[in-house]
Amino acid sequence: MKRRFWITVATGLVALLATALPLLAQVEEEVVWPNAESKANSDDWIRLHHNQIRQMRPKVLVLNFVNGLSSEEVQKRAERITNAIREGTRYHANQNPEAKPFLDYRIYKVVSITDPGQLSESQRLDGNSSLYPRVKDWKPGQPNFQYSALFSEAFAAYYKEKDPNDPSRMMSLDELVTRGKVHEVWIFAQQGTLGAPYPTVELKQAYDATLRKLKDKSTQAGVGALADVPFIGRSLRIAFFNSERGPGCAMETLGLSLESLAQSNAVPYFTRYFNEYAGFDFKTRFKAPFESFLKKPDGITFEFTDPDVLQYSVKGELYRIKNYYSMGGSVRFTPNSLRPFDINNREPVMSNIESYRMRNGQNGADKVERWSATRLAKYQTLANDCVGPWIVYWWQNMPGLDNKALDENDRPMKNWWPFLFY
């Protein structure tokens, strides 16, 4: 009887191990960045393990310059943005509810760089702190933020991160980035009549067509050009969010940052496919006299006369593109937008946005379907201002984790999101 009992127990253990070992192996294969081998932006490890990474958890340093806005409130606002990013990086989540988020931003620290007491009327300056690093001799129409100050010893005192090798001193921003403690910086400030930072700035490590680093070469990859800070040897995006706007406007800013990264050609692979997805190739695809809706000459007007016919006018003369279909669209133009930032057009057009490079249609082409802005309704609460709902959906259809797209050589398309931290 005892022998039969132990045989039963042993058999059960064998069965349990047979079930558990594959699961354990699967857990070990879940490669996350940062990790013990790689912690910092632009590490070679990222490009060498690009295809194995299952999730990236970048740490963001949040700087609050708004007098009267508490750190607790800034934390909440930053988390709303991270929630929208998380949803936006769930590849094809509109079709697959089980899709996993690829970017899972973590708030490293909220640093309040504000005035302790009430300022006089002449000092209030749009509600931003007197510690806000303003550009000397600023002129209207220009950015009004001195980015070099963020890397200074004075600002290191605000960050309050002790140097582990010398606890008597605080680490500067470039040290925090190099050590992998910070991967991105978000600035919260008010945008009034006295200027503001650029939407984003970034000095990006440059790569060649094979995704190898170009030694000692960087390029401007932000929405604005960062002129007053030297390259620190690693990419670093610094984003500005207007404290009077919500997560949708923040997503719009980050969408514009993606477009700027593509135009910089810092990562040629990304540029090649992003420009195609965004529809920046009308001259090539349709032999049109303009690159895109975004880059058209003044005087050209558009109209969809049918879901698959785009009509445009040049100096009063009409032209038609038949068998037209939109690619993924851009920040300002959804597949059926006829003017910038129109995300409410319910008139359908043909688009392959949900099948980009999947080759799942007739004769090996992408499947093309009717598309209208009704597909954005589910994101209205998550990212409720500017063109936030569109950006979340737009991101979800970019090649992300476990995407089904193929490159021009019929090889699996790389996940685009790791390029942010190359």
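For the structure itself, consult the block above.
Attention here is on the structure that accompanies the text. (Residues numbered from 1 in each chain as written. Predicted model: local features only at pLDDT ≥ 70, side-chain atom pairs only at ≥ 80, totals over all residues. Heavy atoms only, no water.)

### Topic: the overall build of the chain
Of the regular secondary structure elements, the chain holds nine helices and 15 strands. Here the chain has a C-alpha radius of gyration of 24 Å; the compact-globule value for 422 residues is 22 Å, and the two agree. The buried share among the 422 residues of the chain stands at 51%. Once local pairs closer than 6 in sequence are excluded, the contacts in the chain between residues at least 24 apart make up 64%. Here the chain displays about 20,400 Å² of accessible surface, and carbon together with sulfur accounts for 50% of that area. Averaging the positions of the 54 positive and the 48 negative side-chain charges in the chain gives two centres separated by 4 Å. (Helix = DSSP H or I, 4+ residues; strand = E, 2+ residues; numbered from the N terminus. Rg over C-alpha atoms; globule rule 2.2 N^0.38 Å. Buried < 20%, exposed > 50% of the residue type's maximum accessible area, 1.4 Å probe, protein only. Contact = heavy atoms within 4.5 Å. Areas by Shrake-Rupley, 256 points an atom, 1.4 Å probe, with all protein chains shown as cover. Lys, Arg positive; Asp, Glu negative; His and termini not counted. Charge placed at Lys NZ, Arg CZ, Asp CG, Glu CD.)

### Some thoughts on the pattern of salt bridges
Per the stated rule, a full pass over the model turns up 23 salt bridges. Between Asp402 and Arg54 there is a salt bridge whose closest N-O contact spans 2.8 Å. Here the residue Asp402 occupies a position in the segment after α9 (388–396), and Arg54 occupies one in strand β2 (residues 53–56), the gap between them amounting to 348 residues. A relative accessible area of 43% places Asp402 in the partly exposed class. Salt-bridge contacts for Glu184 lead to Arg237; the nearest nitrogen and oxygen are separated by 3.2 Å. Within this pair, whereas Glu184 is found in strand β7 (residues 184–189), its partner Arg237 is found in strand β10 (residues 236–242), the two being separated by 53 residues in sequence. For Arg237, a relative accessible area of 7% puts it in the buried group. Through salt bridges that share partners, Asp163, Arg169, Glu175 and Arg179 make up one connected network. (Salt bridge = Lys/Arg side-chain N within 4 Å of Asp/Glu carboxyl O.)

### Here we look at α9
Where burial is concerned, most of α9 is hidden: nine out of the nine residues are buried. Taken residue by residue, α9 has Gly388, Pro389, Trp390, Ile391, Val392, Tyr393, Trp394, Trp395 and Gln396 as its buried positions. Structurally, α9 contributes buried residues whose contacts are with α3 (71–88), α6 (247–264), α7 (268–277) and β15 (369–371).

### With respect to the packing of α6 against α9
Interaxial distance between α6 and α9 falls to 8 Å at its minimum, and their mutual angle equals 50°. The angle between α6 and α9 falls in the class oblique. Handedness of the α6/α9 crossing: left-handed. Contacts between α6 and α9 involve Gly248, Met251, Glu252, Leu254, Gly255, Leu258 and Glu259 on the former and, on the latter, Gly388, Ile391, Val392, Trp394 and Trp395. (Axes fitted to C-alpha atoms, helices over the stretch in contact; angles between N-to-C directions. Parallel < 35°, antiparallel > 145°, perpendicular 65-115°, else oblique. Left-handed = near helix turned anticlockwise from the far one by under 90°.)

### Digging into the state of the cysteines
Under the counting rule described, the total for this entry stands at one disulfide. Here Cys249 pairs with Cys386 through a disulfide, and the sulfurs are 1.8 Å apart. Taking the sign of the torsion about the S-S bond as the criterion, the disulfide between Cys249 and Cys386, at about 80°, is right-handed. Residue Cys249 is located in helix α6, and its partner Cys386 is located in the loop between β15 and α9; the two are separated by 137 residues in the primary sequence. Classification of Cys386 by relative accessible area gives partly exposed; the value is 35%. (Disulfide = S-S within 2.5 Å.)

### Description of the sheet that holds strand β12 (residues 309–314)
Spatial ordering of the open sheet is given by β11-β12-β13, a layout of three strands whose pairing is antiparallel. Of all the strands in the sheet, just β11 (301–306) and β13 (317–322) have a single pairing partner and so form its edges. Across this sheet, the average inter-strand angle for adjacent strands is 25°, counted without regard to direction. For β12 and β13, the ladder comprises six bridges, and the chain directions are antiparallel. Paired with Tyr312 across the bridge in β13 is Tyr319. (Pairing = 2+ DSSP bridges.)

### Overview of the sheet that holds strand β8 (residues 200–207)
A sheet is described by the order of its strands in space; here six strands give the open sequence β4-β3-β7-β10-β8-β9, paired in mixed fashion. Here the strands that pair on one side only, and so sit at the sheet edges, are β4 (106–112) and β9 (213–220). In this sheet, neighbouring strand axes are inclined to one another by 20° on average, regardless of whether the strands run parallel or antiparallel. Bridge analysis of β7 against β10 gives six bridges, and the strand direction is parallel. Across the sheet, the residue bridging to Ile187 is Phe240, located in β10.

### With respect to the nonpolar core
The biggest cluster of nonpolar side chains holds 70 residues, and the ones touching the most others in it are Trp186, Phe274, Trp390, Trp395 and Trp416. Looking at which element gives the most residues to this core, the answer is α6, with seven residues. Ignoring anything within four residues of it in the chain, the contact list for Trp390 reads Gly328, Gly329, Ser330, Val331, Phe333, Thr334, Pro335, Ile343, Ile353, Trp371 and Leu376. (Core = buried A, V, L, I, M, F, W, Y, C linked by side-chain atoms within 4.5 Å.)

### Focus: the environment of Asp298
Inspection of the secondary structure assignment puts Asp298 in the loop between α8 (282–286) and β11. Expressed as a C-alpha distance, the spacing of Asp298 and Val314, which sit 16 residues apart in the sequence, is 9.4 Å.

Function-wise, these values are silent; they only describe arrangement.
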